[in-house]
Amino acid sequence: MALSKWLMICGFVLFIVGLSMQFCPSLITWFGKLPGDIKIESGQTKVFIPVTSMIILSVVFTILINILKR
């Protein structure tokens, strides 16, 4: 697939995500609050490692890319 088509698809996906974040922010409030996401707070230091959320995003993107390739 040509680069221009990939850029248009990525732009469309970003547009849809932006619309959902603007008008329905409650759809993504779960992100980063799943079991397995690591949150460490110690004094003034805060560390957040969204392990489970990133695994879910990876699976979703892998499925989408495989569907678009076919």
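Below is a short write-up of the structure. This is a predicted model, so every value here is computed, not measured. (Residues numbered from 1 in each chain as written. Predicted model: local features only at pLDDT ≥ 70, side-chain atom pairs only at ≥ 80, totals over all residues. Heavy atoms only, no water.)

### Regarding the overall build of the protein
Now for step 1: Check the secondary structure of the protein and you find 2 helices and 2 strands.
Now for step 2: Secondary structure elements of the protein, listed N to C terminal, follow the sequence α-β-β-α.
Now for step 3: On C-alpha atoms alone, the protein measures out to a radius of gyration of 16 Å, which is more than a quarter above the 11 Å that the 2.2 N^0.38 rule sets for 70 residues.
Now for step 4: Reported as C-alpha extents along the three principal axes, the dimensions of the protein are approximately 50 × 25 × 20 Å.
Now for step 5: With 70 residues in all, the protein has 6% of them scored as buried.
Now for step 6: In the protein, of all internal contacts separated by at least 6 residues, the share reaching a separation of at least 24 is 12%.
Now for step 7: Put simply, the protein shows about 6,100 Å² of open surface, and 73% of that area lies on carbon and sulfur atoms. (Helix = DSSP H or I, 4+ residues; strand = E, 2+ residues; numbered from the N terminus. Rg over C-alpha atoms; globule rule 2.2 N^0.38 Å. Buried < 20%, exposed > 50% of the residue type's maximum accessible area, 1.4 Å probe, protein only. Contact = heavy atoms within 4.5 Å. Areas by Shrake-Rupley, 256 points an atom, 1.4 Å probe, with all protein chains shown as cover.)

### Topic: the pairing of strand β2 (residues 45–49)
Now for step 1: Sheet topology note: the strand β1 (residues 38–42)/β2 ladder contains 5 bridges and is antiparallel. Counterpart to Lys39 in the pairing with β2 is Phe48. (Pairing = 2+ DSSP bridges.)

### Points about the pattern of salt bridges
Now for step 1: Applying the stated criterion across every chain yields a total of 1 salt bridge.
Now for step 2: Note that Glu41 is salt-bridged to Lys39, the shortest N-O span being 3.7 Å. With respect to class, Glu41 is no different from Lys39; both count as exposed. (Salt bridge = Lys/Arg side-chain N within 4 Å of Asp/Glu carboxyl O.)

### Here we look at the environment of Gly18
Now for step 1: You can see Gly18 is positioned in helix α1 (residues 3–23).
Now for step 2: Between the alpha carbons of Gly18 and Leu57 there is a distance of 16 Å; along the sequence they are 39 residues apart.

### A few points about the side chain of Ser53
Now for step 1: Along the chain, the position of Ser53 falls in helix α2 (residues 51–69).
Now for step 2: A relative accessible area of 0% means that Ser53 is categorised as buried.
Now for step 3: Not counting residues within four places of it along the chain, the set of residues in contact with Ser53 comprises Phe31, Gly32, Leu34 and Asp37.

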